[in-house]
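Commentary on secondary and tertiary structure
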Amino acid sequence: MWSPEETVRHVRDARRLFIAIVGLLIWWGAGRLAVGPAFGPGGAVFAVFVVLFSSFGAGRVVARFPPMPALLGQLIAGFLLRNIPGVGDAVGAAVDARFSAAARTAALGVVLARAGLSLDVKAVYRLRWAIKRLAFGPATAEALVVTLLARPTLDLPWAHCAALGFLFAGISPAVVVPSMLALQDHGRGVKAGVPALAITAASVDVVYAIAGFGVAASFLPGMGAGGAAAAAWQAPTQIFGGAVAGVVTGKVLGVVLPPDETESTTKKISIDTGANSTKDSTVDRYSAAARGFALMAVVSIALFAGARWEFSGGAALASLVMSTAAAQTWGPKPAKATGLLLNVVWAKLGEPLLFGLIGAAVDASRLKGDVAGFGILTLFCGLVARCFTAFFAAGGGALSVKERVFIAVAWTPKATVQAALAGLPYDAAVEAYGTNSIEADRAEIILALGVLSILITAPLGAAAMAVSGERLLDKDEVPGSPRGTSPRGTPRHSIDLRSVDPETGAEQVEVLEDEVRLGRGGSF
């Protein structure tokens, strides 16, 4: 039997569930009347509606079992909606591919903007050599191991093996960055700079993997338009161009939406003598909504333009850098308020939409038994090489052995790069040689193994990061941790838990400034 308190809680939860279901049915009815068949089973709008709210609900359920992240439930929900017989045709397969890609790009923009606003620039500078090693070393090791193993196990030509190697080598910022931000919000590893190290290195890792895939894919049948030489220039061009564009754009945002201004106000304090008192006060002339809207508009333009003109890696890096540069100019309080607003957007819309659509993009029917077996072996060996290299790449500085082990674990999830690139060789081979050609069959192996890598590493990697982060990263007890405590162990300020959003940590009554500085330290 439940206690009276448990009974009240379960009744409240049941009432909330009932209200949510009724509300969804009402919204579906309104949409059906407004849009027509597109909002019915098999329609593209209906599919997105179901994926979004199913992922949101699944994430809330999984989040009740800490430290499991909500994105784990969202990925699984999207995957099931695509691959359950009957449901998959009406929902998962009905999602418009172009809309799915655009929505994932926009949600990734929220991830990168949030990361940039909270990036510790001093930690980035202190760990700059570890960032360089971590950005290039593990990806190179994994690409090399996968390339060498794919030749005998999968019987693919060397060009296909190299393309598969760099396809596997790309880390997923969509999984790694939110997980790092969640740990940072709880004060895990902030003093050592672990979140700053992982977020920055992951952004460069993606650029490198995409460029490497482009070089290898230029030798594949039907994909040699630009040539290998042109593709080889992508990595340095995108890294340098993305960083410079990010700094310039971020500083422009800081100038257009300047930080707090000090203005003097005069108040008469005596009627008899006519004496006046002058007081300086700080006035913020722009709201967090204005800054968040402007930042997301510029980030979205950068990401969509990058996708259009094959500069996606550089655009992602530019989005991260411009958010950090803007936070440096705005100062701590405006940057924090903007970050809290983006946290709400991410938790309520961006996160369930991104991971639900990633899960719905995974078609398990692409996997064949023999290919899956050798593919898992190749993937496992590549991950082992990647983890060992990441562990040693994170060394040589102030990180402890436990923190380096965590970095190795955090360097395993794959999702966004694989979802975006895995189908390109297959589409090109089918267009050039036909569906039943040997070229299409080989390219389909790359597509199937890209799906397999997402299916295995995204949920397991996210769960492993959440669990290992709680055990391997120290919780900071000094000023500088967003959710930490003071040196004496007392909270910086007391917060009524009823006024705090359980997913975002945003205080719903007012934003209280504490000692943390989002985007703190140093400048570009």
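Residues numbered from 1 in each chain as written. Predicted model: local features only at pLDDT ≥ 70, side-chain atom pairs only at ≥ 80, totals over all residues. Heavy atoms only, no water.

Some points on helix H8 (residues 158-169)
Taking 1.5 Å as the rise per residue, H8 with 12 residues should run 16 Å; its terminal C-alpha atoms sit 16 Å apart, in good agreement. Looking at H8, one finds that the buried residues are His 160, Cys 161, Ala 162, Ala 163, Leu 164, Gly 165, Phe 166, Leu 167, Phe 168 and Ala 169. Packed against the buried residues of H8 are helix H7 (128-154), helix H10 (194-217), helix H16 (369-393), helix H18 (416-421) and helix H20 (438-472). (Helix = DSSP H or I, 4+ residues; strand = E, 2+ residues; numbered from the N terminus. Expected span 1.5 Å × (residues − 1). Buried < 20%, exposed > 50% of the residue type's maximum accessible area, 1.4 Å probe, protein only. Contact = heavy atoms within 4.5 Å.)

Overview of the packing of aromatic side chains
This structure, assessed with the given rule, holds six aromatic pairs. A ring pair is formed by Trp 346 and Phe 355, whose centres lie 6.2 Å apart and whose planes are at 80°; its orientation type is edge-to-face. A single burial state applies to Trp 346 and to Phe 355, both of which are buried. A network of ring pairs unites the aromatic residues Phe 39, Phe 49 and Phe 53 as a single cluster. Of note, Arg 404 hangs over the ring of Phe 391, and the distance from its end group to the ring centre comes to 4.2 Å. (Phe/Tyr/Trp six-rings, centres within 6.5 Å; stacked < 30°, edge-to-face > 60°. Lys NZ or Arg CZ within 6 Å of the ring centre and 35° of its normal.)

A short note on the packing of H7 against H16
It is at 8 Å that the axes of H7 and H16 come closest, and there the two elements cross at 155°. Regarding the angle of H7 to H16, the classification is roughly antiparallel. Seen from above, H7 lies across H16 with right-handed handedness. Of the residues assigned to the contact of H7 with H16, the class counts are 17 nonpolar, six polar and three charged. (Axes fitted to C-alpha atoms, helices over the stretch in contact; angles between N-to-C directions. Parallel < 35°, antiparallel > 145°, perpendicular 65-115°, else oblique. Left-handed = near helix turned anticlockwise from the far one by under 90°. Nonpolar A, V, L, I, M, F, W, Y, C, P; charged D, E, K, R; others polar.)

With respect to helix H9 (residues 173-185)
Taking 1.5 Å of rise per residue, the 13 residues of H9 would be expected to cover 18 Å, and the 17 Å separating its terminal C-alpha atoms lies within 8% of that figure. Counting buried residues along H9, 12 of its 13 residues qualify, which places the element largely inside the surrounding structure. Taken together, the buried positions of H9 are Pro 173, Ala 174, Val 175, Val 176, Val 177, Pro 178, Ser 179, Met 180, Leu 181, Leu 183, Gln 184 and Asp 185. A positive phi of about 75° marks Gly 187, the residue just after H9.

A short note on the pattern of salt bridges
Note on pairing: side chains with opposite charge can pair once their charged atoms come close. Counted under the stated rule, the structure contains seven salt bridges. In this structure, Asp 13 engages Arg 64 in a salt bridge whose closest nitrogen and oxygen atoms are separated by 3.9 Å. Of this pair, Asp 13 sits in helix H1 (residues 4-35) while Arg 64 sits in the loop between helix H2 (44-63) and helix H3 (70-83), and the two are 51 residues apart along the sequence. The class of Arg 64 is exposed, set by a relative accessible area of 58%. Between Asp 474 and Lys 402 there is a salt bridge, with the nearest N and O atoms lying 3.7 Å from each other. With Asp 474 in the segment after H20 and Lys 402 in helix H17 (residues 401-410), this residue pair connects regions lying 72 residues apart in the sequence. Residues joined in a network through salt bridges with shared partners are Glu 142, Asp 205, Arg 386 and Lys 414. (Salt bridge = Lys/Arg side-chain N within 4 Å of Asp/Glu carboxyl O.)

Some remarks on a nonpolar patch on the surface
Taken together, Phe 240, Val 244, Val 248, Val 252 and Val 256 make up a surface patch of nonpolar side chains, about 470 Å² in accessible area. Note that Phe 240 resides in helix H12 (residues 234-256). Exposure remark for Phe 240: the relative accessible area of 60% places this residue in the exposed category. (Patch = residues over 30% accessible without salt bridge, like charges linked within 9 Å, V, L, I, M, F, W, Y side chains within 5 Å. Areas by Shrake-Rupley, 256 points an atom, 1.4 Å probe, with all protein chains shown as cover.)

Digging into the nonpolar core
By size, the foremost hydrophobic cluster in this structure holds 110 residues, and its most contacted members are Leu 295, Phe 355 and Trp 411. In contact with Trp 411, not counting residues within four places along its chain, are Leu 134, Pro 138, Ile 171, Ala 198, Ala 201, Ala 202, Asp 205, Arg 386 and Ala 390. Listed in part, the 15 residues of the second largest apolar core include Phe 39, Val 50, Leu 81 and Ala 94. (Core = buried A, V, L, I, M, F, W, Y, C linked by side-chain atoms within 4.5 Å.)

Things to note about the packing of H9 against H20
Look at H9 against H20: their axes get within 10 Å of each other, and the N-to-C directions meet at 20°. Viewed along their axes, H9 and H20 adopt a mutual orientation that is roughly parallel. Helix-helix and strand crossings are classified by hand; for H9 and H20 the assignment is right-handed. Contact with H9, carried on its side by Val 175, Val 176, Ser 179, Met 180 and Leu 183, involves Ala 458, Ala 462, Met 465 and Gly 469 of H20 and no other residues of that element. Class assignment for the residues of the contact of H9 with H20 results in seven nonpolar, two polar and no charged.

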